[in-house]
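What follows is each chain in one-letter form.
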Amino acid sequence: GVANIGVTGMAVMGSNLARNLASREGNTVAIHNRTTAKAHRVAEEHPEAGFVVAETMADFAASLARPRTAVIMVKAGAPTDAVINELTEVFEPGDIIVDGGNADFHDTIRREAELREKGFVFVGCGISGGEEGALKGPSLMPGGSAEGYRTLGPILETIAARAGEDDSPCVTHVGTDGAGHFVKMVHNGIEYADMQLIGEAYDLLRRVLGYEPAKIAEVFAEWNTGDLNSYLIEITAEVLRQTDPRGGDEPLIDKVLDAAGAKGTGSWTVQNALDLGVPVSGIAEAVFARSLSSDPERRAVGQKLPGPERSVWIEDPHVFINEVRDSLYAAKIIAYAQGFDEIVAGAKKYGWDINLGEIARIWRAGCIIRAGFLDQITAAYVEHPDLITLLEAPVFSEALTKAQQGWRRVVATAVYSGVPTPALSTSLAYYDALRSPRLPAALTQLQRDFFGAHTYRRIDDEGSFHTLWSADRSEVSEG
Ligand code: NDP
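Residues numbered from 1 in each chain as written. Predicted model: local features only at pLDDT ≥ 70, side-chain atom pairs only at ≥ 80, totals over all residues.

Our focus in this paragraph is the overall build of the protein. Scanning the protein for helices and strands turns up 19 helices and 11 strands. Relative to the 2.2 N^0.38 estimate, which gives 23 Å for 479 residues, the radius of gyration of the protein is 25 Å and therefore close to what a compact globule would have. With the C-alpha coordinates of the protein rotated into their principal frame, the extents come out at 80 × 70 × 45 Å. Here the protein holds 479 residues, and the buried ones make up 46% of them. (Helix = DSSP H or I, 4+ residues; strand = E, 2+ residues; numbered from the N terminus. Rg over C-alpha atoms; globule rule 2.2 N^0.38 Å. Buried ≥ 20, exposed ≤ 12 C-beta atoms within 10 Å, placed from the backbone.)

Next up, the structure:
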């Protein structure tokens with residue numbers, strides 16, 4: 001075979017990734033697609049790529065130099081299993097099979113074990129950045145064996161986005177088997193939280209201050225020059241500035257149905273966090289907010305429920321805008337801290353050795369959540385690799401300290417004005433819960449002991465205890 005790498009699955013992600021690969025020196029790329037015509041079309045539309053088109057899986061295998069390296073970019077789930085099966089029929093032990101789709105990491109763990117058994121090297125690789133990232137440089141989160149990364153890593157480094165003063169490629173060996181897809185899942189969860197927080201900030205400026213979208217666009221553009229500098233803030237300004245493409249000067253946002261869609265990775269992040277016992281409340285509220293928005297029946301009933309008579313009167317809009325900005329930043333720090341906590345818990349449960357500083361480093365460019373702030377997370381982990389929580393890093397505890405008074409006023413203003421801010425509010429509650437020297441969990445424990453004899457521990461003695469609630473209410477030691 002003449003090609004050093006192949007891509008199967010020529011929809012938007014696969015074709016763009018293949019073009020990215022072909023644009024790097026030294027690569028000859030074989031392409032394949034179930035519906036062959038699509039692969040031919042991609043090759044015709046991009047003659048500069050010099051693609052080798054494979055009509056069948058057997059052709060695909062024959063077109064690749066050994067040991068073969070192939071990237072699968074098809075629909076996640078059963079289609080990925082189908083393609084893996086076809087590949088293993090024509091590939092040989094030692095060949096590398098990369099799944100670049102949005103796989104459930106449990107599937108990746110299973111597939112890696114099955115393929116390793118057969119002698120193949122299987123790498124589940126999270127890819128972020130959408131179509132543009134795939135074409136120009138995505139953030140890549142490969143898992144699989146360290147051995148697989150030795151061969152694959154150098155190729156991935158040539159196509160990844162680059163960030164920082166050292167222009168380092170946004171790719172690292174995340175950990176074994178499903179680690180890459182797990183981290184990609186959490187990345188998407190953080191993306192949900194980030195977007196929801198931005199939505200809440202927009203809603204506050206719109207409904208409390210009465211600003212028009214174009215004016216709010218200017219506020220976001222200004223925010224993009226500071227701590228909040230990020231891709232999502234940047235595109236928010238663009239989106240809010242946009243008038244209806246069908247004509248007139250009304251903002252496009254006012255013409256769009258306010259029902260948010262989702263493809264599932266946000267819910268996976270929350271489901272796994274529940275299993276791992278990690279509070280990712282910011283991400284959870286973001287997922288729930290999308291569900292609520294897409295429930296027209298309940299929202300129709302809700303239209304009849306009363307709210308406050310008017311929104312809170314804001315003395316000085318500029319002070320309020322700055323407080324919203326600081327709240328958004330504080331809640332964003334909380335969302336990332338919670339996401340990183342989930343990565344730590346996942347790594348512990350599934351036996352991965354994940355370097356958190358490296359994760360922040362590879363998210364600095366290429367991916368949807370790229371942000372100036374990730375430089376600071378990377379620096380925080382380099383300086384203190386054993387941070388218990390991101391909130392402990394001086395740069396973030398100082399930001400929270402600076403934000404917290406305004407954050408309270410913003411959440412209170414939202415509550416008094418009847419503007420829902422679930423993610424901003426829950427993040428503040430998380431912050432206050434962590435701060436609280438005593439939590440009402442002592443009461444929870446006593447209730448559990450009362451109705452179910454679940455026992456409690458004491459702050460002044462070792463062991464577990466039970467109060468004889470329905471007898472003389474003396475305390476007994478439970479071993
Ligand atoms: P789609 O998810 O729409 O998948 C379409 C591709 O899958 C086509 O090539 C199609 O072949 C192939 N396919 C579907 N079923 C089968 C099957 N049973 N056997 C063989 N091939 C099959 O394409 P995208 O480019 O949007 O995404 C590719 C992957 O990348 C997905 O897993 C997606 O989740 C992931 N991803 C997507 C991102 C995005 O922004 N879109 C970002 C990051 C990851 P055919 O032409 O023959 O129908």
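The next point concerns the pairing of strand E7 (residues 139-142). Consecutive side chains along a regular strand alternate between the two faces of the sheet. Burial along E7 is two-sided: the residues Ser139 and Met141 and Leu140 and Pro142 are all buried. Examined bridge by bridge, strand E6 (residues 121-128) and E7 share 4 bridges and lie antiparallel to one another. Looking at the pairing, Cys125 lines up with Pro142 of E7. (Pairing = 2+ DSSP bridges.)

Around the ligand sit 22 residues in total, of which Ala11, Met13, Arg34, Pro79 and Gly101 are the nearest. Of all the secondary structure elements, the ones that give two or more residues to the shell around the ligand are helix H1 (12-22), helix H4 (78-90) and helix H6 (130-136). Taken together, the residues that form the shell around the ligand break down as 11 nonpolar, 7 polar and 4 charged. (Near = placed C-beta within 6 Å. Nonpolar A, V, L, I, M, F, W, Y, C, P; charged D, E, K, R; others polar.)

A word on unusual backbone geometry. Residue Pro67 follows Arg66 across a cis peptide bond; omega there is -10°. Of note, Pro67 is situated in the loop between helix H3 (57-62) and strand E4 (69-72). Positive phi, normally seen in glycine, also occurs at Asp167, with a value near 55°. Along the chain, the position of Asp167 falls in the loop between strand E8 (162-163) and strand E9 (168-169). With a phi close to 70°, Thr455 is a non-glycine residue in the positive phi region. Relative to the helices and strands, Thr455 resides in the loop between helix H19 (441-452) and strand E10 (465-467). On the neighbour-count criterion, Thr455 (17 C-beta atoms within 10 Å) is partly exposed.

A few words on helix H14 (residues 317-350). Compared with an ideal rise of 1.5 Å per residue, which puts 34 residues at 50 Å, H14 spans 49 Å between its outermost C-alpha atoms and is within 8% of the ideal. Summarising burial for H14: 24 of the 34 residues are buried, a large majority. Gly351, located one to two residues past H14, shows a positive phi value of around 75°. (Expected span 1.5 Å × (residues − 1).)

Mapped onto this numbering, the UniProt entry gives "active site" (unreviewed entry) at Lys184 and Glu191. With respect to the helices and strands, Lys184 occurs in helix H8 (residues 179-207). Non-local contacts of Lys184, meaning those with residues more than four positions away in its chain, are made with Gly126, Ser128 and Met141. With respect to the element layout, Glu191 can be found in helix H8. Here Glu191 falls in the buried class, since 22 other C-beta atoms lie within 10 Å of it. Not counting residues within four places of it along the chain, the set of residues in contact with Glu191 comprises Ile368 and Ile369. (UniProt positions renumbered as here; feature names shortened; annotations may be inferred. Contact = placed C-beta atoms within 7 Å.)

Before going further, it helps to examine the domain arrangement of the protein. Domains assigned within the protein are domain 1 (5-177), domain 2 (184-435) and domain 3 (441-477). Centre-to-centre separation of domain 2 and domain 3, based on C-alpha positions: 40 Å. (Domains from an automatic or database assignment.)

So, on to the nonpolar core. Judged by nonpolar contacts, the single largest core of 138 residues is most densely connected at Val29, Ile31, Ile97, Ile283, Ile333 and Leu390. It is H8 that contributes the most residues to this core, 15 residues altogether. The residues that make up this core include at least three from each of domain 1 (5-177) and domain 2 (184-435). Among residues more than four places away in sequence, those in contact with Ile283 are Gly189, Ile190, Tyr192, Ala193, Gly266, Thr269, Val270, Ala335, Gln338 and Gly339. (Core = buried A, V, L, I, M, F, W, Y, C linked by C-beta atoms within 7 Å.)

A few words now on the sheet that holds E7. Spatial ordering of the open sheet is given by E3-E2-E1-E4-E5-E6-E7, a layout of 7 strands whose pairing is mixed. What marks the edges here is a single partner per strand, and that holds for strand E3 (52-53) and E7. Together, strand E1 (5-8), E4 and strand E5 (96-99) form the strand contacts of H4, whose direction differs from that of E4 by roughly 160°. (Axes fitted to C-alpha atoms, helices over the stretch in contact; angles between N-to-C directions.)

Once that is clear, we can look at the environment of Thr269. In this structure, Thr269 sits in helix H11 (residues 265-276). Judged by the 29 C-beta atoms lying within 10 Å of it, Thr269 is buried. Between the C-alpha atom of Thr269 and that of Gly339, which follows or precedes it by 70 residues, the distance is 8.6 Å. With near-sequence residues (within four places) excluded, Thr269 lies in contact with Met185, Val186, Asn188, Gly189, Val280, Ile283 and Glu342.

To continue, consider the packing of helix H17 (residues 394-417) against helix H18 (residues 422-435). Axis separation between H17 and H18 bottoms out at 11 Å; the angle between their running directions is 130°. By the angle between their directions, the pair H17 and H18 is classed as oblique. Considering only the axes of H17 and H18, their crossing is left-handed. Contacts between H17 and H18 pair Leu400, Trp407, Arg408, Val410 and Val411 from the former with Leu424, Ser425, Leu428 and Tyr431 from the latter. (Parallel < 35°, antiparallel > 145°, perpendicular 65-115°, else oblique. Left-handed = near helix turned anticlockwise from the far one by under 90°.)

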